[in-house]
Amino acid sequence: MTFEQGLLYFIQACYIHRAFQKTSMKFTQKKLKNGIKLMLAPMKDSLSTTVFVMVHTGSKYETKGNNGISHFLEHMCFKGTKRRPTAMDISKALDEIGSQYNAFTSQEFTGYYAKAHPKHTDTLIDVISDIYLNPTFDPKELQKEKGVIIEEINMYEDMPHKQVENIFAQAMYGDQPAGYPIIGSKENIKKMNERDLQKYWASHYVASATTVLVSGNVDTRTITKKIEKAFTGISRSAKAKKRPVVEPQNRPKILLKYRKTDQAHLVLGVRSYSGKHKLSPALKVLDAVLGGGMSSRLFQKLREEMGVGYYLRTTIDEYTDHGYFSVSLGVDSSRFVEVIEATLRECEILRTELVTKSELEKAKEYLIGNTILSLESSDAVAEYFAMQDITGEEITNVDKLIQKIRKVTSEDVRRVAKEIFANDRLVLGVVGPVKETESLKRAFRFK
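In this text the structure is predicted, and so the values were computed from the model without any measurement. Each chain has its residues counted from 1, following the order in which its sequence is written. In keeping with the model being predicted, local features are shown solely for residues with a pLDDT of at least 70 and side-chain atom pairs are shown and tallied solely at 80 or more, while totals for entire chains, interfaces and linings include all residues. To get the side-chain values, take all heavy atoms of the structure and skip hydrogens and water.

Asks: Residues and numbers for the sheet that holds strand β5 (residues 110–116), please.
Replies: Pairing between strands is defined by DSSP: at least two bridges between the two strands are required. Only DSSP runs of H or I reaching four residues or more are called helices, and only runs of E reaching two or more are called strands; each is numbered from the N terminus. Read from one edge of the open sheet, six strands run β1-β2-β6-β3-β5-β4, paired in mixed fashion. With partners counted over all chains shown, the strands left at the sheet margins are β1 (28–31) and β4 (100–105), one partner each. Between one strand axis and the next, the sheet turns through 15° on average, direction left out of account. Lying over the sheet, helix α2 (residues 69–76) contacts β4 and β5, oriented at roughly 160° with respect to β4. For helices, the fitted line uses only the C-alpha atoms of the stretch in contact; every axis is such a line through C-alpha atoms, and the angle between N-to-C directions lies from 0 to 180 degrees. The contact rule is simple, with two residues in contact once any of their heavy atoms fall within 4.5 Å.

This is the structure in structure tokens:
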């Protein structure tokens, strides 16, 4: 490392340290008398408060026959409650306080949140708890929402860079819940009725599967009683379980969906680790080396040197019992095999060559800086703790995450690369004008 590089990293470290000192988060967690978990993350200087309710259910809790029901249920919770009979009643209650609100469904959890000025915290608690505890599943609204969700499916099918994510999941996990699309199929959506949703809601939206997170400018002296009161009456039934993920693989797997598009969209990935794995911090550093920013190895190789694509991203997905590292890219189909070879070559280099000290430090500072910047808002802080809770990790403050990242060595990165960059972990999903030729089969493997 040159003197100039060392000085630059010192300045960056000082800046990030000062930023961290200003934004450092404290948190507490406890189990309430009604059985739910409450997590508080006060942010003294925040201009907002977020109330976020998370339930441990998603597409991995579904069967092939009801795939998509978790996402459908999320939609229906906003369509009316016993106290607020229409979707308009719910949206008006939040809009009139200037709130930002939404919900989302993943493989392992469904989340509902609303964020507003701290003076409206009581309203946030009231509305979010209401839609969570008291959905009515009006049959007329359900029929209308079927059309909305089917159009959502159509929208994603018209977006090959989104559709390829489902193709990749199917290639990696096959015919098990981890391989199902979160949104479900049109056929399943069309046949669902209010009894299906009511039964699913009753078996999953229970106290032991529920975590409430309140972050931002919050009065920690009074909030516990307010949350406990708002969630009075929540079901204490046993939590429904999900099927464990099975990962049999002994050679590279390829799944292509032929489509006449201008680009070939691909997700290339390898099986990696669950969220609580001890090598997770080293995997994050490896991810930053390969795809962290415009100076990363893959960006420089594929976009700047080869000029083969516009969007490029690397991703780590971590769940309770599985995970993967992936590279997503849209490329000229005539150079598809060339791109596959170049991408795998960059991964292979990490198996044999140690990352230099300067590149390692750059990757760490990239991770730390982006982590801090991503936690500037109260809703982001709520999600930060929620993701740790759902994956079964030890729930820690951001300073402990930073400590773990700083401890990662070049040897740790190489150890991870040797372990995950293997042919019996390698998976490729593609949407575009590409066929599974012999040249592709030969190219798609680690040497």
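Asks: A description of the sheet that holds strand β9 (residues 309–318) should follow, citing residues and the corresponding values.
Replies: Pairing is mixed across the open sheet formed by five strands, whose spatial order is β7-β11-β8-β10-β9. Edge strands, defined here as strands with exactly one partner in the open sheet, are β7 (253–258) and β9. Neighbour-to-neighbour, the strand axes of the sheet open up by a mean angle of 10°, direction not taken into account. Sheet topology note: the β9/strand β10 (residues 323–331) ladder contains eight bridges and is antiparallel. By the bridge assignment for β10, R313 is matched with S328. Against the sheet, helix α6 (residues 160–173) engages β7, β8 (264–271), β9, β10 and β11 (426–432), with an angle of about 145° to β11. The strands that helix α11 (residues 297–305) touches are β9 and β10; relative to β9, the one it contacts most, it runs at about 155°.

Asks: Break down empty space enclosed by the protein for me, citing the residues and quoting the values.
Replies: Grid spacing is 1 Å over the protein atoms alone, the probe is 1.4 Å, and a cavity is where that probe fits but cannot get out, while a pocket is an open set with protein on both sides within 12 Å along at least five of seven lines and lining residues have an atom within 4 Å of a point. Grid points are joined across faces, edges and corners, and a volume is the space filled by probe spheres set on the points. Here the structure, examined in full by the defined rule, presents one cavity of 30 Å³ or more. Its boundaries defined by the atoms lining it, the largest cavity holds a volume of some 30 Å³. Every residue lining the largest cavity is listed: F27, M39, L40, A41, L213, V214, S215 and F385. Residue assignment for the lining of the largest cavity shows that the elements contributing at least two residues are β2 (37–42) and β6 (210–216). Of the residues assigned to the lining of the largest cavity, the class counts are seven nonpolar, one polar and no charged. By the convention adopted, Pro, Cys, Tyr, Trp, Phe, Met, Ile, Leu, Val and Ala count as nonpolar, Lys, Arg, Asp and Glu as charged, and the other residues, Gly among them, as polar.

Asks: Kindly report on the nonpolar core, identifying the contributing residues and their values.
Replies: Throughout, nonpolar core names a set of buried Ala, Val, Leu, Ile, Met, Phe, Trp, Tyr and Cys residues whose side chains join them through atoms within 4.5 Å. Exposure classes here rest on a 1.4 Å probe applied to the protein chains alone. A residue is buried below 20% of its type maximum, exposed above 50%, and partly exposed in between. In terms of nonpolar packing, the biggest core is built from 70 residues, with L266, L286, L302, F336, I340, F421 and L428 touching the most fellow members. Aside from chain neighbours lying at most four places away, what touches I340 is L266, L268, L428, L440, A443 and F444. If you look at the next biggest cluster of nonpolar residues, it comprises 51 residues, including L73, Y112, L124 and L197.

Asks: Tell me about the packing of α2 against helix α5 (residues 139–157), residues and numbers included.
Replies: Relative to each other, α2 and α5 sit at 120°, their axes nearing to 10 Å. When the axis of α2 is compared with that of α5, the two are oblique. Of the two elements, α2 crosses α5, and the hand of that crossing is right-handed. Each of H71, F72, H75 and M76 in α2 lies in contact with α5, whose residues at this interface are E141, L142, E145, K146, V148, I149 and E152. Of the residues contributing to the contact of α2 with α5, the split by class is five nonpolar, two polar and four charged. Working definition: roughly parallel below 35 degrees, roughly antiparallel above 145 degrees, roughly perpendicular at 65 to 115 degrees, and oblique for all remaining angles. Two helices cross in a left-handed way if the nearer one is turned anticlockwise from the farther one by less than a right angle. They cross in a right-handed way if the turn is clockwise.

Asks: Which residues make up the pairing of β8, and what are the values?
Replies: Most of β8 sits out of view: eight of its eight residues are buried. On β8, burial covers both faces: A264, L266, L268 and V270 on one face and H265, V267, G269 and R271 on the other are all buried. Relative to β10, β8 is paired through eight bridges, and the arrangement is antiparallel. Paired with H265 across the strands is G330, a residue of β10. Note: β8 against β11, six bridges, orientation antiparallel.

Asks: Break down the packing of helix α3 (residues 87–95) against helix α4 (residues 121–133) for me, citing the residues and quoting the values.
Replies: Each packed pair of helices is defined by two parameters, the angle between the axes and the distance between the axes. Contact geometry of α3 with α4 gives a least axis separation of 10 Å together with a crossing angle of 160°. One finds that α3 runs roughly antiparallel with respect to α4. Crossing of α3 over α4 shows left-handed handedness. The residues of α4 that touch α3, namely those facing I90, A93 and L94, are T123, L124, V127 and I131.

Asks: Just give me the short version of unusual backbone geometry, but keep the residues and values in it.
Replies: Phi is positive for F137, which is not a glycine, with a value near 55°. Mapping F137 onto the fold places it in the loop between α4 and α5. Look at F137 and you get buried, because its relative accessible area is 3%.

Asks: Summarise helix α14 (residues 378–391); cite the residues concerned and give the values.
Replies: In a helix, the anticipated span is given by 1.5 Å times the number of residues less one. Look at α14: 21 Å from first C-alpha to last across 14 residues, which is about the 20 Å you get at 1.5 Å a residue. Burial analysis of α14 places eleven of its 14 residues in the buried class, the great majority of the element. Listed as buried for α14 are S378, A380, V381, A382, Y384, F385, A386, Q388, D389, I390 and T391. Contacts made by the buried residues of α14 are with β2, β3 (49–55), β5, β6, β9 and α15 (398–407).

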